[in-house]
Amino acid sequence: MSRTLRVLAHLLRYPGPELRAHLDELRDALHAERALGAPRLAELDALIASLARRPALDVEADYVQLFDSSRSCALHLFEHVHGDSRDRGPAMIDLALTYEKAGLMLANGELPDHLPVVLEFASTQPPREARDFLAETAHILNAIFAALERRGSPYAAALGACLELAGERPKPVRVPDDEPLDASWAEPAAFEGCSSRGQSRPATPQPIHVVRRDAAPGARP
């Protein structure tokens, strides 16, 4: 199970030249350990074949479009739980401390809730503990799996494999339409008033508060 978890962690990382150079080894490791059923292994073979066959620029561009430009497919697990709220920070710290206690130190720039990191950590644990750890995230994995399936992405096989290793089965969920990230971060044009999202713009009616000014001493009303 540990080798399979590490393979899945690699397959869900950015498909740069180094990863694509080792696709055959990743496939062989999956089949050697056989921690997954034959149908899932066949799906992962198709994913690996797609990464190997297609032009490198297309594979890399599709990865960015899929995982970095879509909230529903995001591989940062806390994005699905906390979004951009303040609760995400403490949750990240707690998870990083869990890794450190187990002797896993994050590389610079790596976030603890990134699914490949989560899978790498799980691969260092005994099988039962690894399964229980993944099972805690099953509802998030299932949501990402559903979003990938809706897009017809071969990466859905990797999320399905994560669920299988967690002892879970994919369940149907409603996947909301993604709001384009460009729109969610859009700012109004310069000199059009407050640019913070949620605050009024010039075309928005705003309340007027009338405050009576006290008359100066001796002034006539």
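Shown above is the structure to which this text applies.
Summarised in this report is the structure supplied together with it. Quick caveat: nothing in here was measured; it's all calculated off a predicted structure. (Residues numbered from 1 in each chain as written. Predicted model: local features only at pLDDT ≥ 70, side-chain atom pairs only at ≥ 80, totals over all residues. Heavy atoms only, no water.)

**What to know about the overall build of the protein**
Secondary structure assignment for the protein yields twelve helices and zero strands. Its helices and strands taken in sequence order, the protein reads α-α-α-α-α-α-α-α-α-α-α-α from the N to the C terminus. The buried share among the 221 residues of the protein stands at 37%. In the protein, once contacts between residues fewer than 6 apart in sequence are set aside, the share between residues at least 24 apart is 63%. As displayed, the protein has an accessible area near 13700 Å², and 53% of this comes from carbon and sulfur atoms. (Helix = DSSP H or I, 4+ residues; strand = E, 2+ residues; numbered from the N terminus. Buried < 20%, exposed > 50% of the residue type's maximum accessible area, 1.4 Å probe, protein only. Contact = heavy atoms within 4.5 Å. Areas by Shrake-Rupley, 256 points an atom, 1.4 Å probe, with all protein chains shown as cover.)

**Some points on the pattern of salt bridges**
Here the structure, examined in full by the defined rule, presents six salt bridges. For Arg 20, the salt bridge goes to Glu 60, with nearest N and O atoms at 3.1 Å. Here Arg 20, found in helix H2 (residues 17-20), pairs with Glu 60, found in helix H5 (residues 56-68); they are 40 residues apart in sequence, far enough to count as distant. A relative accessible area of 22% means that Arg 20 is categorised as partly exposed. Note that Arg 40 is salt-bridged to Glu 43, the shortest N-O span being 2.8 Å. (Salt bridge = Lys/Arg side-chain N within 4 Å of Asp/Glu carboxyl O.)

**Section: the packing of helix H1 (residues 2-11) against helix H8 (residues 115-123)**
With their axes 8 Å apart at the nearest point, H1 and H8 run at an angle of 165 degrees to one another. Between H1 and H8, the interaxial angle falls into the category roughly antiparallel. Remark: the crossing between H1 and H8 carries left-handed chirality. Side by side, H1 and H8 meet where Ser 2, Leu 5, Arg 6, Leu 8, Ala 9 and His 10 of the first sit next to Pro 116, Leu 119, Glu 120, Ala 122 and Ser 123 of the second. Partitioning the contact of H1 with H8 into residue classes produces six nonpolar, three polar and two charged. (Axes fitted to C-alpha atoms, helices over the stretch in contact; angles between N-to-C directions. Parallel < 35°, antiparallel > 145°, perpendicular 65-115°, else oblique. Left-handed = near helix turned anticlockwise from the far one by under 90°. Nonpolar A, V, L, I, M, F, W, Y, C, P; charged D, E, K, R; others polar.)

**Remarks on the packing of aromatic side chains**
A complete count under the given rule lists six aromatic pairs for this structure. Grouping aromatic residues by their ring pairs yields a cluster made of Tyr 14, Tyr 63, Phe 67 and Tyr 155. (Phe/Tyr/Trp six-rings, centres within 6.5 Å; stacked < 30°, edge-to-face > 60°.)

**A word on unusual backbone geometry**
In this structure, Arg 34 takes a positive phi of about 50 degrees despite not being glycine. With respect to the helices and strands, Arg 34 occurs in the loop between helix H3 (23-33) and helix H4 (38-53).

**Quick word on the side chain of Ser 50**
Within the secondary structure, Ser 50 is located in helix H4. Non-local contacts of Ser 50, meaning those with residues more than four positions away in its chain, are made with Val 59 and Pro 154.

**Let's talk about H5**
Under the 1.5 Å per step criterion, the end-to-end length of H5 is 17 Å for 13 residues, consistent within 8% with the ideal 18 Å. Buried within H5 are the following residues: Val 59, Glu 60, Tyr 63, Leu 66 and Phe 67. Across the axial projection of H5, the buried residues extend over an arc of 135 degrees, all falling on one side. Those residues of H5 that are buried lie in contact with H2, H4 and helix H10 (138-150). (Expected span 1.5 Å × (residues − 1). Arc of directions from axis to C-beta.)

**Structural notes on the environment of Pro 170**
Along the chain, the position of Pro 170 falls in the loop between helix H11 (156-165) and helix H12 (181-184). C-alpha separation for the pair Pro 170 and Phe 145, spaced 25 residues apart in sequence, amounts to 7.6 Å. Discounting chain neighbours no more than four positions away, the residues touching Pro 170 are Arg 40, Asn 142, Phe 145 and Leu 163.

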